[in-house]
Amino acid sequence: SPDGIAEGLEWKNKENKPVATSQTPSSTTESNQQTEPTEQSTDETANWKSHTRYGITYKYPADWGFKANDNTQSTSTNVTSPDFADDGTKGERIIVDETLFAQSGLTADNFKSKHLDANPNPYSDYKVLTVNGKKAVQYYQGDSRTTVFFLSGAKTVTLVLDVFPSGTAASTTYNKVVETVTVN
């Protein structure tokens, strides 16, 4: 009967030590296979495009759009998701911009007290982080997520994420872009 076969196999596995020993490597192999996607995901940015500007280099997905605004009104660059609509109805946009703050000497350690606390616009989820050996700050202001990298004096580079429509949850792409930033 099927029950007798199952009982026989169960008994054999419990009593036969070589079978139990040979199962250990296969479970180790399974464990290694589970860690492979993690290793691959850390290499996810290998085929991304890169751009250097404002004293930083960053990467963005190869299928995202890129536009540099080189005019007197704006010197920002926009990196947009494939579903981004110019009318602001859908998609994600990361704006990379060099910003000169009125206060000089801003650092990740004093940015909150010297700049954000004096700003009338509320912010949330403020944190100091280290990206490729450089301190930066990250926070939400309205619907935008902002990461600020400090260069010298009052000069900073900001990466601002806007997600449309407003209130829509952002993908993890923004954090991955931020993780690729290197200050030159």
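We now turn to the structure provided with this report. Note that the structure is predicted; figures quoted are calculated from it, not measured.

## A few points about the overall build of the chain
Of the regular secondary structure elements, the chain holds four helices and ten strands. In the chain, the succession of helices and strands from N to C terminus is α-α-β-β-β-β-β-α-β-β-β-β-α-β. Across the 184 residues of the chain, 34% fall into the buried class. A sequence separation of at least 24 residues applies to 43% of the contacts in the chain between residues at least 6 apart.

## Considerations on the pattern of salt bridges
Close approach of charged atoms lets side chains of opposite charge pair. All told, the structure shown has three salt bridges when counted by the stated rule. Between aspartate 162 and arginine 93 there is a salt bridge whose closest N-O contact spans 3.0 Å. Placement of aspartate 162 in strand E9 (residues 155–164) and of arginine 93 in strand E5 (residues 91–100) is noted, with a sequence separation of 69 residues between them. Its relative accessible area of 23% is what places arginine 93 among the partly exposed residues.

## A word on the sheet that holds strand E2 (residues 56–60)
Strand order in the open sheet made by the three strands is E1-E2-E10, with antiparallel pairing throughout. Strands at the two margins of the open sheet, each flanked by one partner only, are strand E1 (49–53) and strand E10 (182–183). Strand direction decides the pairing type here: E1 and E2, joined by five bridges, are antiparallel. Paired with histidine 51 across the strands is tyrosine 58, a residue of E2. Set on the sheet, helix H4 (residues 173–180) makes contact with E2 and E10; between it and E2 the angle comes to about 145°.

Reading the values: rules and limits
- Residues numbered from 1 in each chain as written.
- Predicted model: local features only at pLDDT ≥ 70, side-chain atom pairs only at ≥ 80, totals over all residues.
- Heavy atoms only, no water.
- Helix = DSSP H or I, 4+ residues; strand = E, 2+ residues; numbered from the N terminus.
- Buried < 20%, exposed > 50% of the residue type's maximum accessible area, 1.4 Å probe, protein only.
- Contact = heavy atoms within 4.5 Å.
- Salt bridge = Lys/Arg side-chain N within 4 Å of Asp/Glu carboxyl O.
- Pairing = 2+ DSSP bridges.
- Axes fitted to C-alpha atoms, helices over the stretch in contact; angles between N-to-C directions.

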